[in-house]
Protein chains: 2
Amino acid sequence: MQKNYQQKTLGILGGGQLGRMLIQSAINYNLEVHILDPDPNAPCKFLSNKFVNGDLKDYDAVYSFGKDCDVISIEIEHVNTEALFRLEKEGVKVFPQPHIIALIQDKRNQKQFYLDQGIPTAPFILTENKEEVLKQAAFLPAVNKLGKEGYDGRGVQLMRNAGDLEKAFDAPGLLEKLIDFDKELAVIVSRNETGEVKSFPSVECAFHPEHNLVEFLFSPANISDTVDAKARALAEEVIQKLDMVGLLAVELFLTKSGELLVNEIAPRPHNSGHHTIEANFTSQFEQHLRAVMGMPLGETGLRCPAAMVNLLGEDGFTGDAIVEGMDEAIKEQGVYLHLYGKKITKPFRKMGHVTLLAEDAGLLKEKADRIKELIKIKA
Amino acid sequence: MQKNYQQKTLGILGGGQLGRMLIQSAINYNLEVHILDPDPNAPCKFLSNKFVNGDLKDYDAVYSFGKDCDVISIEIEHVNTEALFRLEKEGVKVFPQPHIIALIQDKRNQKQFYLDQGIPTAPFILTENKEEVLKQAAFLPAVNKLGKEGYDGRGVQLMRNAGDLEKAFDAPGLLEKLIDFDKELAVIVSRNETGEVKSFPSVECAFHPEHNLVEFLFSPANISDTVDAKARALAEEVIQKLDMVGLLAVELFLTKSGELLVNEIAPRPHNSGHHTIEANFTSQFEQHLRAVMGMPLGETGLRCPAAMVNLLGEDGFTGDAIVEGMDEAIKEQGVYLHLYGKKITKPFRKMGHVTLLAEDAGLLKEKADRIKELIKIKA
């Protein structure tokens, strides 16, 4: 007899906050979840049926973890894909598929994929080392991106003029034309094995000026229905052209001329979808589980307007985390705190997030500013 | 320095579905949760920082479990209160307080408390044994209730006429006048140490004809605002007169003459509050945590109308649970499945529940009937 979801074991590579929120959803479906994470005190440690402490980039660690599972998925893309290819050959369902994880691990291949598939994206030049970047003064202003290992704002260098070229990465990367965009949008889209595809409404991201991390997020984005429909259609095109099974976050630039360009993609639950836990009929975490476990996808509509505020460790504080201002914040209706279970705070470390609901989207910015001022993660 | 929530350990007596949903909420606040349960495979087994397998009625098991915790709470009231009294003396916060758990463990004391406090309730006679019940033919129709250990419909015997008296319990219990009610309502109310009290809107319960378990629940209840306000005021009066800290479910009869009578109370999250996870601004589980951990209480308003359907094990099936009709059900917008992680199903065992949301409360009954027909728990 075919196994039903409750009889299948889901192995997740990574046991951080995304894994933690996936588990909160998996509980509703009795899914048996195994977690592999390099941190012996990872946020998922006490929440999984089986927690394995191991290196996500180590072939043996990933292979031996995965061979006991029916389905393998990820909450971070920096994992050993060779082991995943072998597991896939041996009949384990690996979603997203290893070749997609491999493609997305290297921003150079990602950009080449957009070009080959006719997916609109910012003009770019591939560079092998610092020397090659130094020759491209004429291409500035641009962003120099490291091909591999960039994450949470690392591996990205803004270059406005020739003087900035000195900051170039001396490793394979790319130079991408700096886009003078009107807004940064994100669309989360999912696809299951039967080919069913569903996208969430577009959201608007406000990045922290210095740290290139999403500071605020607003849903719905303040754009026309036409632009929203175009953005969602583009995200759906990307997941279909990748032939991917799972959840894909598509970050987009809306240029001042109204053009949509794909910036980066992540094949997993994403910071730009955290608000869906409270604000949408299906959360991105449940949708990810539905997609990889072979369930029908959930309806993605908004229940009400929402904002999301990332709780980053305060600059200048490192050590045992203390949350300030929490009581004051959670007294208010429609304020949802999510702490990630990280004992130690560091400057700008993602320690949690807060989702805010309001009947009137116009009230969200003020509420978001106020809550951000109120809650501080110190040590 | 005073410990903040993240530094406090919460011990919960009982690791069933209520403990499981409490943990889903506790994750958002980084609470360290310890669980004590007699079932080595309890639904909470893999979700707590520490899972202890032990008898909830055993003094030593409860005491040794509790002494490492800062706060102790319950998800079932049939626990050893002597150990809780000692833990309370030794400075552990025990919420609800042991004397309240002891009071509620015995339905005879519960009824006496209503009488002494002037809380409206159905007329009753305390009986010590079967012989005493047999003498009360004149008091029928009535319900014979066992004083202790009644749970999920057990320990309750309907007696319409003298012929039914033979079914009397031969143990301390009570005979309660059968109330010819218009509706059965429930109000969940919470209170924290500072004395802050907040009640949830009244809900309407539809019980299974034979098995005395909630089959459907509707929120809001189909009653006037006046009756809702009276019901909530009554629930708030009960928790205040108990001087209780925690969450209290108050089951009420609305008589055909419009009178409200307190039926039974439970000092913990309750089946009649499951819909609050998706339908209210704060869920009953988060509210329970807020109350016992000393946080401000959350706003209790409805986000939208909801119904709740209990998923009981199908009659005639015992063994490894299989969920039928799930795919069909979860395709629909506003259908939330909650499976409780119980491997074995038995006739009428609570295996899970489904919450249904609809913009229009009028559509909920049809949706609830349909979903109930669709999802079957078999073996």
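Because the structure is predicted, anything quoted here is derived from the model rather than measured.

## Here's the deal with the overall build of chain A
Phase 1: Along chain A, the regular secondary structure elements total 11 helices and 22 strands.
Phase 2: On C-alpha atoms alone, chain A measures out to a radius of gyration of 20 Å, which is about the 21 Å that the 2.2 N^0.38 rule sets for 379 residues.
Phase 3: Across its three principal directions, the C-alpha atoms of chain A cover 60 × 50 × 45 Å.
Phase 4: Put simply, chain A has 379 residues, and 61% of those count as buried.
Phase 5: Expressed as a percentage of contacts within chain A between residues at least 6 apart in sequence, the contacts between residues at least 24 apart total 63%.

## Brief notes about the environment of B:Thr355
All names here are of chain B.
Phase 1: Along the chain, Thr 355 turns up in strand E21 (residues 350-357).
Phase 2: Among the residues examined, Thr 355 registers a relative accessible area of 0% and is labelled buried.
Phase 3: Residues Thr 355 and Leu 337, spaced 18 residues apart in sequence, show a C-alpha to C-alpha distance of 6.7 Å.
Phase 4: For Thr 355, the side chain forms a polar contact with the side chain of Glu 278, separated by 3.3 Å.

## A word on the sheet that holds strand E1 (residues 9-13) of chain B
Residues and elements named next belong to chain B.
Phase 1: One open sheet holds the five strands; their spatial order is E3-E2-E1-E4-E5, and the pairing between them is parallel. Two strands close off the open sheet at either side, each with one partner strand: strand E3 (50-53) and strand E5 (93-94).
Phase 2: Relative to strand E2 (residues 32-37), E1 runs parallel, the two sharing five bridges. Bridge pairing links Leu 10 to Val 33 in E2.

## Notes on the packing of helix H1 (residues 17-26) of chain B against helix H9 (residues 284-293) of chain B
Residues and elements named next belong to chain B.
Phase 1: Across the interface, H1 lies against H9 with an axial gap of 8 Å and an inter-helix angle of 75°. Comparing the axis directions of H1 and H9 gives the class roughly perpendicular. Where H1 approaches H9, its residues Leu 18, Met 21, Leu 22, Ser 25 and Ala 26 are matched on the opposing element by Phe 285, Glu 286, His 288 and Leu 289.
Phase 2: Among the residues forming the contact of H1 with H9, the class breakdown is six nonpolar, two polar and one charged.

## Concerning the UniProt feature "binding site: ATP" (unreviewed entry) in chain A
All names here are of chain A.
Phase 1: In the numbering used here, UniProt assigns the "binding site: ATP" (unreviewed entry) feature to Lys 107, Lys 145, Glu 176, Lys 177, Leu 178, Ile 179, Glu 184, Asn 263 and Glu 264.
Phase 2: For Lys 107, the location among the structural elements is in helix H5 (residues 107-117).
Phase 3: The class of Lys 107 is buried, set by a relative accessible area of 11%.
Phase 4: With residues up to four places along the chain from it excluded, the contact list for Lys 107 reads Lys 145, Leu 146, Gly 147, Gly 150, Val 156, Leu 174 and Glu 264.
Phase 5: With respect to the secondary-structure elements, Lys 145 resides in strand E7 (residues 142-146).

## Examining the relation of the copies chain A and chain B
Phase 1: For the pair chain A and chain B, the superposition axis carries a translation of 0.0 Å, the fit reaches an RMSD of 0.0 Å, and the rotation angle comes to 180°. Expressed as a symmetry operation, the mapping of one chain copy onto the other fits a two-fold axis. For chain A, the smallest separation between a C-alpha atom and the rotation axis is recorded for A:Leu47, amounting to 2.2 Å.
Phase 2: Here 100% of the contact residues of chain A are again contact residues in chain B; the copies associate through an equivalent surface.

## Some words on the interface of chain A and chain B
Phase 1: At the interface, 39 residues of chain A touch 39 residues of chain B.
Phase 2: With both chains or domains summed, chain A and chain B bury close to 3,800 Å², and 51% of this area falls on carbon and sulfur atoms.
Phase 3: Broken down residue by residue, the surface that chain A buries against chain B is led by A:Ile27, A:Phe281 and A:Arg303, which jointly contribute 16%.
Phase 4: Along the contact surface separating chain A from chain B lie zero salt bridges.
Phase 5: Summed over the shared surface of chain A and chain B, the number is 19 residue pairs in polar contact (both at pLDDT 80 or more).
Phase 6: Listed by contribution, the elements that provide at least two residues to the side of chain A that touches chain B are helix H1 (17-26), helix H8 (276-279), strand E18 (322-324), helix H10 (326-330) and strand E19 (335-339) of chain A.
Phase 7: For the side of chain A that touches chain B, the leading source of residues is E19(A), giving four residues.

## Describing unusual backbone geometry
Phase 1: Backbone torsion omega between B:Phe95 and B:Pro96 reads 0°, so that peptide bond is classified as cis.
Phase 2: When you line up the elements, B:Pro96 lands in the loop between E5 and helix H4 (98-105).
Phase 3: Between B:Ser219 and B:Pro220 the backbone carries a cis peptide bond, its omega angle lying at 5°.
Phase 4: Checked against the element boundaries, B:Pro220 lands in the loop between strand E13 (214-219) and helix H7 (225-242).
Phase 5: Even without glycine at this site, A:Phe348 takes up a positive phi of about 65°.
Phase 6: Mapped onto the fold, A:Phe348 is located in the loop between strand E20 (344-345) and strand E21 (350-357).
Phase 7: On the basis of relative accessible area, A:Phe348 is assigned to the partly exposed category, the value being 21%.

## A few points about the sheet that holds strand E7 (residues 142-146) of chain B
Residues and elements named next belong to chain B.
Phase 1: Taken in spatial order, the four strands line up as E6-E9-E7-E8 in an open sheet, and their pairing is antiparallel. Since the sheet does not close on itself, it has two edges, and those belong to strand E6 (124-127) and strand E8 (156-159), each with one partner. Between one strand axis and the next, the sheet turns by 20° as a mean value, whatever way the strands run.
Phase 2: Sheet topology places E7 next to E8; four bridges connect them, and they run antiparallel. Each residue of the ladder has a partner; that of Val 143, found in E8, is Leu 158.
Phase 3: Helix H5 (residues 107-117) rests against E6, E7, E8 and strand E9 (173-177) of the sheet, and its axis sits at about 140° to E6.

## Some thoughts on the packing of aromatic side chains
Phase 1: Considering all chains together, one arrives at eight aromatic pairs over all chains under this definition.
Phase 2: Measuring from ring centre to ring centre gives 6.3 Å for A:Phe113 and A:Tyr114, while their planes differ by 65°; the resulting arrangement is edge-to-face.
Phase 3: Of the residues examined, A:Tyr114 reaches a relative accessible area of 0% and is grouped as buried.
Phase 4: For the pair B:Phe181 and B:Phe253, a centre-to-centre distance of 5.1 Å together with 15° between the ring planes defines the contact as stacked. Note that B:Phe181 is positioned in strand E10 (residues 181-191) and B:Phe253 in strand E14 (residues 246-255), a separation of 72 residues in sequence.
Phase 5: The side chain of A:Arg86 reaches across the aromatic face of A:Tyr63, ending 3.8 Å from its centre.

## Brief notes about the pattern of salt bridges
Residue and element names in this part refer to chain A.
Phase 1: Per the counting criterion, the structure on display carries 60 salt bridges over all chains.
Phase 2: Residues Glu 176 and Lys 111 are paired through a salt bridge, measuring 2.5 Å at the closest nitrogen-oxygen approach. With a gap of 65 residues between them, Glu 176 in strand E9 (residues 173-177) and Lys 111 in helix H5 connect regions that are remote in the sequence.
Phase 3: For Glu 176, a relative accessible area of 3% gives the class buried.
Phase 4: Here Lys 376 makes a salt bridge to Glu 314, at a shortest N to O gap of 3.9 Å. A residue pair is termed long-range when its members are at least 10 positions apart, and Lys 376 in strand E22 (residues 376-378) and Glu 314 in the loop between strand E16 (306-312) and strand E17 (319-320) qualify at 62 residues.
Phase 5: One network of salt bridges, in which partners are shared, links Lys 107, Lys 111, Lys 145, Glu 176 and Glu 264.

Rules behind the numbers
- Think of each chain on its own: its residues are numbered from 1, step by step along the sequence as written.
- Lettering of chains starts at A and numbering of ligands starts at 1, both following the order in which they are written.
- Two thresholds apply to this predicted model, a pLDDT of at least 70 for residue-level local features and 80 or more for giving and counting side-chain atom pairs, whereas whole-chain, interface and lining totals are computed over all residues.
- For side-chain calculations, the full set of non-hydrogen atoms in the structure is used, while hydrogens and water are omitted.
- Secondary structure elements are taken from DSSP: a helix is a run of H or I of four residues or more, a strand is a run of E of two residues or more, and numbering for both begins at the N terminus.
- Values of the radius of gyration come from C-alpha atoms, whereas the globule rule sets the reference at 2.2 Å times the count of residues to the power 0.38.
- Type-normalised accessible area, obtained with a 1.4 Å probe on protein chains alone, sets the label of each residue: buried when under 20%, exposed when over 50%, and partly exposed for intermediate values.
- Whether two residues are in contact is decided by their heavy atoms: any pair within 4.5 Å suffices.
- In protein, a polar contact requires one atom able to donate a hydrogen and another able to accept it; more generally it is a pair of N or O atoms within 3.5 Å, and residues adjacent in sequence count only if both atoms are side-chain atoms.
- Any two strands with at least two DSSP bridges between them are considered paired.
- Fitted lines through C-alpha atoms serve as axes, helices being fitted only where they are in contact, and the angles separating the N-to-C directions of these axes extend from 0 to 180 degrees.
- Oblique is the label for any angle not covered by the other classes, which are roughly parallel (under 35 degrees), roughly antiparallel (over 145) and roughly perpendicular (65 to 115).
- Ten residues, namely Ala, Val, Leu, Ile, Met, Phe, Trp, Tyr, Cys and Pro, are considered nonpolar, four, namely Asp, Glu, Lys and Arg, are considered charged, and the remaining ones, Gly among them, are considered polar.
- UniProt positions are given in the numbering used here, feature names are shortened, and annotations may be inferred rather than shown by experiment.
- What sets the superposition is a least-squares fit of C-alpha atoms, and only residues with pLDDT of at least 70 in both copies go into it.
- Reported buried area values correspond to the accessible surface (1.4 Å probe) lost by two parts on association, with both partners' losses combined.
- By salt bridge we mean one thing: a side-chain nitrogen of Lys or Arg within 4 Å of a carboxyl oxygen of Asp or Glu.
- Between rings of Phe, Tyr and Trp, where Trp is taken as its six-membered ring, a pair exists when centres lie within 6.5 Å; planes separated by under 30 degrees are stacked, by over 60 edge-to-face, and by other angles tilted.
- Only when the NZ of Lys or the CZ of Arg is both within 6 Å of the ring centre and within 35 degrees of the ring normal is a charge said to sit over the ring.

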